[in-house]
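Structure at a glance
For reference, the chains in residue letters:
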Amino acid sequence: MIGAGLSGLVAARDLVASGLEVTIFEKSRGLGGRIATRRVDSTVIDHGVPALWSSGPLAELAAGLDEAPLEISLPVGDSSGAPSSGPRPLAYPGGLTRLPKQLAEGLDVRRLVRVSVMRASGDAIELGDEQGNGQGAFDGVVISAPAPQAADLLATLDSERARAGMLGAIAYEPAVIYIAGLVLPAHPPWFGVRGLGDGALSWLGVESAKGRPAPGGRVPVTAHLNATLSAELFDATDAEIAEVVRPRLVEALGQAASDPAWSQVKRWRYSVPTSRVPFVDANPAGSAIVVCGDAVADEPGLDAVLESGRRAAQRIAAT
Ligand SMILES: Cc1cc2nc3c(=O)[nH]c(=O)nc-3n(C[C@H](O)[C@H](O)[C@H](O)COP(=O)(O)OP(=O)(O)OC[C@H]3O[C@@H](n4cnc5c(N)ncnc54)[C@H](O)[C@@H]3O)c2cc1C
């Protein structure tokens, strides 16, 4: 398994449950991929996907683990002030990564290993890392990385050039996230707002709505620049990004938001895909290399990402 995000972990668990031996390689130190949490100012902040929105499969899976998520009770609105429809958001007070951490329990995860090359060797597929070390030979490989990274890896095998081209053509929106602790006169009565004001912020979320503290009254917020601004400002300095975000925070939360107690910036090169290919097109029947994740999911959303992992496991188990 290449990648320990949601789709990879779900696939790995299913494969282990079907009696197969699975090794997971994850390039990062943390688990969860774009389900990401960092510790700041004596609290935790989810700086990737803001919540687990699920209308079924993900909520059911999470409810069956030792620590279940809570339903965020404060509303999500849109820029007109209207509550947005759709599944209710779930979160963990200790951070969204409580989900991948629980999913990974008992699995063999090799962290800080970026798989960068595949080689065919008889019926097996050999994997190598970016340092040039061999990481073993496997009967099957699941690639759960975002499509551009999956494409780079597939392109290292001559026989996979066509599939690499298909996945390499899928573009992702970048995301620039401004994270800050704000001393506000009152806690906002909502968890998040989409498309704020002129649309510059695709999301403004209040982390303390997830059953977490607002240490010393500092309300932790995450502000996501929209896709266009994220692309424009991806390489801008943190100070330049703050200049763009702060007037929007003031608009939404009042003058007190102009002077954060602290702030940070997180940049994601890949947040959500702008197109997808059907799972069956990306995965020819009988192939021992299977691709899963949001670029080959049936529809947008985490439930479909999870389902792509389940399908990948079924494919591998059937080969
Ligand atoms: C800021 C932001 C906001 C988002 N908002 C939403 C939203 O509102 N709604 C929604 O549905 N989705 C949203 N998403 C997208 C959602 O988070 C993803 O679709 C989902 O988490 C993808 O899971 P995945 O398993 O497909 O991939 P990932 O979570 O990306 O997991 C892939 C893993 O593979 C690892 N990896 C990659 N290459 C290698 C390699 N060569 N070797 C080893 N490991 C490798 C990565 O480190 C990563 O851990 C958002 C994402 C971001 C970043």
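Every value quoted in this text rests on a predicted model; they were computed, and no experiment measured them.

Some words on the domain arrangement of the protein chain
The domains assigned to the protein chain are domain 1 (6-35 + 97-170 + 275-318) and domain 2 (172-272). The C-alpha-based centres of domain 1 and domain 2 are spaced at 32 Å. Each side of the interface is counted separately: domain 1 has four residues, and domain 2 has four residues. When the residues that make up the side of domain 1 that touches domain 2 are grouped by side-chain class, the tally is two nonpolar, no polar and two charged.

Focus: the environment of valine 142
Within the secondary structure layout, valine 142 lies in strand 12 (residues 141-143). Residues valine 142 and isoleucine 316 lie 174 residues apart in sequence; the distance between their C-alpha atoms is 7.9 Å. Beyond its immediate stretch of four places on either side in the chain, valine 142 contacts Met1, Ile2, Gly8, Ala11, Val290, Cys292, Ala312 and Ile316.

Description of the packing of helix 1 (residues 6-17) against helix 9 (residues 302-318)
A pair of packed helices is captured by two measures, namely the crossing angle of their axes and the spacing between those axes. The contact between helix 1 and helix 9 brings their axes to 8 Å, and the two run at 40°. It follows from the interaxial angle that helix 1 and helix 9 lie oblique. In this structure, helix 1 meets helix 9 at a crossing whose hand is right-handed. Facing Leu6, Ser7, Gly8, Val10, Ala11, Asp14 and Leu15 of helix 1, the residues of helix 9 in contact are Leu302, Val305, Leu306, Ser308, Gly309, Arg310, Ala312, Ala313, Ile316 and Ala317. Taken together, the residues of the contact of helix 1 with helix 9 break down into eleven nonpolar, four polar and two charged.

So, the site of the ligand
In the vicinity of the ligand there are 36 residues, among which Gly3, Gly5, Gly33, Ala145 and Gly293 approach most closely. When residues of the shell around the ligand are traced back to their parent elements, those giving at least two are helix 1, strand 1 (23-26), helix 4 (147-154), strand 13 (172-183), strand 17 (262-273) and helix 9. When residues of the shell around the ligand are assigned to domains, at least three map to each of domain 1 (6-35 + 97-170 + 275-318) and domain 2 (172-272).

Quick look at unusual backbone geometry
Although it is not a glycine, aspartate 41 adopts a positive phi angle of roughly 50°. Here aspartate 41 is to be found in the loop between strand 2 (37-40) and strand 3 (43-46). By the C-beta count within 10 Å, which is 18 here, aspartate 41 ends up partly exposed.

Thoughts on the sheet that holds strand 4 (residues 52-53)
Here three strands make up an open sheet; going across it, the order is 4-7-5 and the pairing antiparallel. The open sheet has two free edges, formed respectively by strand 4 and strand 5 (70-71), since each of these has just one partner strand. Of the strand pairs in this sheet, strand 5 and strand 7 (residues 89-91) are connected by two bridges, and their pairing is antiparallel. The residue of strand 7 that forms the bridge with leucine 70 is alanine 91.

So, the nonpolar core
Looking at soluble globular proteins, one finds that nonpolar side chains tend to be buried together. Ile2, Ala11, Leu52, Val142, Ile143, Ala150 and Leu167 are the most contacted members of the largest nonpolar core, which has 95 residues in total. Top element by residues in this core is strand 13. It accounts for eight residues. Contact partners of alanine 11, with chain neighbours within four places excluded, come to Met1, Val142, Ser144, Cys292, Gly309, Arg310, Ala312 and Ala313.

Description of helix 1
Spanning twelve residues, helix 1 covers 17 Å between terminal C-alpha atoms, matching the ideal 16 Å at 1.5 Å per step. The buried fraction of helix 1 is high, at nine of twelve residues. Restricting attention to buried positions, one finds in helix 1 the residues Leu6, Ser7, Gly8, Leu9, Val10, Ala11, Ala12, Arg13 and Leu15. Within two residues after helix 1, glycine 19 carries a phi angle of roughly 95°, on the positive side.

As for the packing of helix 4 against helix 5 (residues 161-168)
Here helix 4 crosses helix 5 at 165°, and the two axes come no closer than 8 Å. Comparing the axis directions of helix 4 and helix 5 gives the class roughly antiparallel. When the axes of helix 4 and helix 5 are compared, the crossing they make is left-handed. Here helix 4 contributes Ala147, Pro148, Ala150, Ala151 and Leu154 to the contact with helix 5, which in turn contributes Arg163, Ala164, Leu167 and Gly168. Across the contact of helix 4 with helix 5, the residue classes break down as seven nonpolar, one polar and one charged.

Details of the sheet that holds strand 10 (residues 124-129)
Taken in spatial order, the three strands of this open sheet run 9-10-11, and their pairing is antiparallel. Looking at the sheet topology across the chains shown, the edges are occupied by strand 9 (115-121) and strand 11 (134-138). If you compare each strand with its neighbour and ignore which way they point, the axes differ by 20° on average. Sheet analysis places strand 9 next to strand 10, joined by six bridges and oriented antiparallel. Across the sheet, the residue bridging to methionine 118 is leucine 127, located in strand 10.

Definitions and cut-offs
Position labels on residues start from 1 in each chain and follow its written sequence. Restriction of local features to residues with pLDDT of at least 70 applies here, the model being predicted, together with a cutoff of 80 or more for giving and counting side-chain atom pairs; totals for whole chains, interfaces and linings are based on all residues. An automatic or database domain assignment supplies the residue ranges for each domain. Each residue is represented by a C-beta atom placed from its backbone, and any two residues with such atoms within 7 Å are regarded as in contact. Under the grouping applied here, Gly and all other residues not named as nonpolar or charged are polar, the nonpolar ones being Ala, Val, Leu, Ile, Met, Phe, Trp, Tyr, Cys and Pro and the charged ones Asp, Glu, Lys and Arg. Under the DSSP-based scheme used, a helix requires at least four consecutive residues in state H or I and a strand at least two consecutive residues in state E, with every element numbered from the N terminus. Each axis is a line fitted through C-alpha atoms, taken for helices only over the stretch in contact, and angles between the N-to-C directions span 0 to 180 degrees. Should an angle fall under 35 degrees it is taken as roughly parallel, and over 145 as roughly antiparallel, whereas 65 to 115 is taken as roughly perpendicular and any remaining angle as oblique. Crossing handedness: left-handed means the near helix sits turned counterclockwise from the far one by under a right angle, and right-handed means the same turn made clockwise. In this analysis, residues qualify as near a molecule or strand once their C-beta atom, positioned from backbone atoms, comes within 6 Å of it. Exposure in this text rests on C-beta crowding, where 20 or more other C-beta atoms within 10 Å of a residue's own make it buried, 12 or fewer make it exposed, and counts in between make it partly exposed. The C-beta atoms are placed from the backbone. In this description, strands pair whenever DSSP reports at least two bridges between them. To define a nonpolar core, we join buried Ala, Val, Leu, Ile, Met, Phe, Trp, Tyr and Cys residues through C-beta atoms within 7 Å and take the resulting set. Here the expected length of a helix is defined as 1.5 Å per residue gap, with one fewer gap than residues.

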